[in-house]
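# Overview (structure and organization)
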Amino acid sequence: MSAIDASRPTSAYREMEASVELSPLKTPPAVDGAAPDQELLTLNMGPHHPATHGVLRLLVTLEGEVVRDLKPIIGYVHTGIEKTAEDKAYWKAIPVVERMDYLAYFFNAYAFCGATETLLDLEVPKRAQYLRVIHMELNRIMSHLVWLGTSALDLGAMSMLWYSFREKELILDLFEYSTGARMHTRYFQVGGVIEDVPAGWAEKVLEFCALMPGRVDQYGDLLNKNEIVLQRLRNVCPLSEEELLALGVTGPLLRASGNPWDLRKAMPYCSYEDFDFKIPVGTEGDNYDRFAVRMQEMKESVKIIEQAVHALPQGPVMVDDRKVALPPRHELATSMEALIHHFKLVTEGFRVPPGEVYFPVEGPRGEYGCFVRSDGSSKPARVHMRDPSFVNLQATNAMVKDSYIADLIATLAMIDPVLGGIDR
Amino acid sequence: MPDATGLELLAGEIGDAAPDAILGTLHFRGQATLLAHPRHVRSVLERLRAAGYANLMSVHGVDYYPEEPRLGVIYELLDRGRRDRVRVKVRVHTEDPHVPSVTPEWPTANHHEREAYDMFGVVFDDHPDLRRILMPEDYEGHPQRRDFPVGGEPVIFTKDAGTRQDYTQ
């Protein structure tokens, strides 16, 4: 049997999305001229299950257990954040932009603030840059911990989730201590950070830094010698560096194939050139390398945080430009000028010179690039986030083609897509 | 980013090969932009690839309302060897929003172009799979256009099926 029975009635649901072409493959490829003995099956996965990394839907064309074609269908959590940001003053757009990739909120905020600072031609004080680095690297570890826990869960390693979430909670506590919120902290502002870190925070961060490398080793002990994990990851779904580059893949996925591209080293921003750290790379580009690169990245991030805390410069945490930064609270009672600035900033916001900039930063999943166009008013005329998950998802088909459907789940876990970022 | 002189040289180099491909250059805050004619976008990107800008990092749409031509498509190119970026911009009118697709040469552009089509209505000719990516299949209008209102999106209940408002009118 080869052709799909045309007389069968189509469901109303299928009619509604008639433009979604199922795979052009209708029959399995013939082997040595012999007619195939099975037909292809198109399986709908989601929207949701694929081990629930988000509301992702996959149309998988299977020959037996082997994936022959795959189509991701996205947009289920599209909330129009880019459109919403156009209707808000620059400083009010930060919280909505933070909510794009919900595991990398500091990176979203930094990409947006950095783009706006470039438009304004602002130089951010050194202390604010270091505080940003500390928060971003903590965020990177946090994001990798969520990835590690959920990915291990996909492979059947239940307890890993509790261990990694235990450490993730420590990081969220640190965020709460310094910024007042666990997630979507709104800590980064255009021109610096909202306020200095509280007394005792640095010591808590160092305590965490002392603890974390040992914990990463413990995860390694649990997983690196686990026969099941190794069989599920080693030599599974590799993809070559050339193909990854053509598909625009960045971040740990690209580094796993041996390309050491990391914006923190290649095109340093936010004082990353001050820190001594290494870029872990893989050799095979398979799922195991994707796993190992991220594990090592957590340790490197700890190194950066330790250096940044020890070398944290004294000074202001916000630019001294009253047209952009809110005046200190105590001045409002005595200075008329400060009161006017405060009023203007809170009601209208600051105006930004017209122009367009693209500001890329290296996030936990790759290049977060924020494109901001200003028309000279106090609201951005266009905000676009080049989200790495959105681009990396395109590599799924190339990775899982001709491998088992079980490996599709493992590979999807290693791609680490965050649907909030994909759909925005 | 190439400096202002480097950008002019780059534009001149491409302009020599195809005289009407480059419409202008823009250097702002250290970031370089080449304004290209939409018809020549594929050849301009190919020439930039030959000049070292071998990675396409992002493609996104912009609406310049009320300026004309209203729609813009922006290509962010990266040279990993020289650690250098350059931006290519094309502008099209809403009446004829056709831009040649670069997906055949740059596979990464696939999702980006679908998003620009979905959000702005830019039609990428010869795109292998040009359909909406984020909005529902049967959605009318292109929500990221500047004249598309924020909010007011009706919640579709079964009883209201078929009475959807068309915001493009």
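In this report, the structure presented in the accompanying data block is examined. Given the structure is predicted, the values throughout are model-derived calculations rather than measurements. (Residues numbered from 1 in each chain as written. Chains lettered and ligands numbered in written order. Predicted model: local features only at pLDDT ≥ 70, side-chain atom pairs only at ≥ 80, totals over all residues. Heavy atoms only, no water.)

Let us now look at the interface of chain A and chain B. Each partner contributes residues to the interface: chain A has 51 residues there, and chain B has 43 residues. When the two sides are added together, the surface that chain A and chain B hide from each other amounts to roughly 4000 Å², 52% of it contributed by carbon and sulfur. At the junction of chain A and chain B, the tally comes to seven salt bridges. Of the charged contacts, one joins Asp375(A) and Arg146(B) as a salt bridge, the two residues approaching to 3.8 Å between their closest N and O atoms. Classifying every residue of the side of chain A that touches chain B gives 26 nonpolar, nine polar and 16 charged. (Contact = heavy atoms within 4.5 Å. Buried area = accessible area lost by both parts, 1.4 Å probe. Salt bridge = Lys/Arg side-chain N within 4 Å of Asp/Glu carboxyl O. Nonpolar A, V, L, I, M, F, W, Y, C, P; charged D, E, K, R; others polar.)

Among the nonpolar cores identified, the biggest contains 173 residues, and Ile134(A), Leu48(B) and Tyr75(B) are the most heavily contacted of them. The leading source of residues in this core is helix α5 (residues 126-154) of chain A, at 13 residues. (Core = buried A, V, L, I, M, F, W, Y, C linked by side-chain atoms within 4.5 Å. Buried < 20%, exposed > 50% of the residue type's maximum accessible area, 1.4 Å probe, protein only. Helix = DSSP H or I, 4+ residues; strand = E, 2+ residues; numbered from the N terminus.)

Turning next to a nonpolar patch on the surface. On the surface, Leu153(A), Met158(A) and Trp162(A) cluster together into a nonpolar patch covering about 330 Å² of accessible area. Its place among the elements puts Leu153(A) in helix α5. (Patch = residues over 30% accessible without salt bridge, like charges linked within 9 Å, V, L, I, M, F, W, Y side chains within 5 Å. Areas by Shrake-Rupley, 256 points an atom, 1.4 Å probe, with all protein chains shown as cover.)

All names here are of chain A. Contact geometry of α5 with helix α16 (residues 405-415) gives a least axis separation of 9 Å together with a crossing angle of 180 degrees. One finds that α5 runs roughly antiparallel with respect to α16. The segment α5 lies against α16, with Trp-147, Ser-151 and Asp-154 engaging Ile-409, Ala-413 and Met-414. Tallied by class, residues from the contact of α5 with α16 come to four nonpolar, one polar and one charged. (Axes fitted to C-alpha atoms, helices over the stretch in contact; angles between N-to-C directions. Parallel < 35°, antiparallel > 145°, perpendicular 65-115°, else oblique.)

Under the counting rule described, the total for this entry stands at 18 aromatic pairs over all chains. Relative to Phe175(A), the ring of Tyr105(A) has its centre 6.1 Å away and its plane inclined at 75 degrees; by these criteria the two rings are edge-to-face. Note that Tyr105(A) is positioned in helix α4 (residues 105-120) and Phe175(A) in helix α6 (residues 158-179), a separation of 70 residues in sequence. Just as Tyr105(A) is buried, Phe175(A) falls in that class too. When the centroid spacing of 6.5 Å and the interplanar angle of 40 degrees are considered together, the rings of Tyr139(B) and Phe148(B) count as tilted. Across the pair, Phe148(B) and Tyr139(B) agree in class, each one buried. Put simply, the rings of Tyr105(A), Phe106(A), Tyr110(A), Tyr130(A), Phe175(A), Tyr187(A), Phe188(A), Tyr269(A), Tyr272(A), Phe275(A), Phe277(A) and Phe359(A) pair up and form one aromatic cluster. The aromatic ring of Trp147(A) is capped on one face by Arg294(A), whose charged end is 4.8 Å from the ring centroid. (Phe/Tyr/Trp six-rings, centres within 6.5 Å; stacked < 30°, edge-to-face > 60°. Lys NZ or Arg CZ within 6 Å of the ring centre and 35° of its normal.)

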